[in-house]
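A look at the structure
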Amino acid sequence: MDRYQKFASSGLGRQLVRRLGLPNPHPLRRDAALATPVLVGGASRLSFLKQLETGSAPHGALVFDASDISSVSDLRQLHDFFHPVITQLGPCGRVIVIGRSPDSVAQRALEGFVRSVGKELRRGGTANLVYVADGAEDGVESTLRFLLSGRSAYVSGQVITVSAASPTGTLEGKVALVTGASRGIGEAIATALGRDGAHVICLDVPAAGEDLSKVANAVGGSALQLDITGDPARLTSYLLERHGGVDVVVHNAGITRDKTLARMDSSLWDSVLEVNLACQERINTALLEGDVLRAGGRIVGVSSIAGIAGNVGQTNYATSKAGVIGMVNSLAPVLAARGATINAVAPGFIETKMTAAVPLMTREVGRRMNSLSQGGLPVDVAETVAWFASPGSGGVNGNVVRVCGQMLLGA
Ligand code: NAD
């Protein structure tokens, strides 16, 4: 809980929040348990939904399968299902709408509904839409488990596509590489993937060696001191010689060198574009051309809300982070053809050393300007990466999911 949250939950704070209409952040549940009981409505296309625990109000989750909605008048079904029960959703409740494809009037309309519900929910609730393509019905379980659990605490207002069926399984016996793993979000990603059974290779620059070893020991993985801007052959040789390849690659390492464009010299531009984008492209090429990424592999990029909305003083950073989205779009079909996937997370305001250094007022605005009225934690980004990385997410390809509590920027 941040200081404002503590104040808002005190006696005086509660009164002021109510009277002045101040943000009212609710503590988020972040555990793996599914939000139950679940009230399910609409079409009965997904067998997974039939396994969920049902019961009377308050509901943990409201799930509506809108797959059969094909006309504007059909959209009324959304109102008919949600209107009587939306106030019966418990704390940290989940609203999930299932669609089929965004390529029709009525199906695309689902996005506006879900995004608005996300903004109306109180007490830590989230709302998300999952388009499940025909034939991908058996690939949806990992995504619905993620969205129904506390692991998606800071993911709201998102549209996810599941485009193929997928086997299930765990990361046991798999090898995962996480760049920039010595601290912050990278450390949290390494921890989540280690928990899920992967052997995690924690990579960071030699200057971060001490912290890196601590993280690698804590997750039972290995430490690799390497600057990613160097020759990618050093990395691929290491992966092949030590592990015979790699199953999961998370391009988390990133830097900021902020200045308005007028004050930004070319070295600030070059360094950010190099670390955040160019070397990641080179590594991907080396991984694919050398067959280092094994069958069923996963590549996960780390974009940013700045790459979607833009930001003052971050022309270099936002360019690089928008490029990460381009990397996902252009490589998704290439990886699908190899039975692999590429996706990205786009974090919003995450409580890290990076954001702690932001001036107080700017920080406070960034932290509250979202539907959950609070900053996210590194673990929120990490859990989203772990969902992309899981073997059950083989049908989740080409997605960019914002971990931003439905931030107003770029909405
Ligand atoms: P951080 O600065 O705490 O960690 C980044 C790590 O990357 C560091 O350990 C650093 O040593 C490593 N690194 C940098 N250059 C490297 C290189 N050339 N080779 C190897 N390692 C290198 O940052 P963070 O806040 O944990 O952010 C992690 C990622 O999330 C970054 O890509 C960042 O752009 C992105 N992101 C963060 C936020 C946020 O709110 N913190 C928001 C949006 C996106």
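See the structure above.
First things first, this report covers the structure right here in the doc. This one's a predicted model, so the numbers in the text were calculated from it and none came from an experiment.

Moving on, we get to the site of the ligand. As a matter of local geometry, the ligand sits amid 28 residues, with R183, D204, D227, N252 and Y317 nearest to it. With respect to the ligand, the side chain of R183 contributes an N or O atom lying 2.7 Å from an oxygen atom. Separating a nitrogen atom of the ligand from a side-chain N or O atom of T352 is a distance of 3.0 Å. Of all the secondary-structure elements, those providing two or more residues to the shell around the ligand are α7 (184-195), β7 (199-204), α12 (315-336) and α13 (353-356).

Here we take up unusual backbone geometry. That bond from T36 to P37 is cis: its omega, -5 degrees, falls within 30 degrees of zero. Among the secondary structure elements, P37 is positioned in the loop between α2 (11-20) and β1 (38-42). Between A57 and P58 the backbone carries a cis peptide bond, its omega angle lying at 0 degrees. Inspection of the secondary structure puts P58 in the loop between α3 (47-50) and β2 (59-65). For C92, which is not a glycine, the phi torsion comes out positive at approximately 50 degrees. Looking at where C92 falls in the secondary structure, it is placed in strand β3 (residues 89-99). Using a relative accessible area of 7% as the deciding quantity, one classes C92 as buried. One non-glycine residue with positive phi stands out, namely R123, at about 55 degrees. Topologically, R123 is positioned in the loop between α5 (105-120) and β4 (126-132).

Rules behind the numbers
- Residues numbered from 1 in each chain as written.
- Predicted model: local features only at pLDDT ≥ 70, side-chain atom pairs only at ≥ 80, totals over all residues.
- Heavy atoms only, no water.
- Near = heavy atom within 4 Å.
- Polar contact = N/O pair within 3.5 Å; in protein donor to acceptor, adjacent residues only side chain to side chain.
- Helix = DSSP H or I, 4+ residues; strand = E, 2+ residues; numbered from the N terminus.
- Buried < 20%, exposed > 50% of the residue type's maximum accessible area, 1.4 Å probe, protein only.

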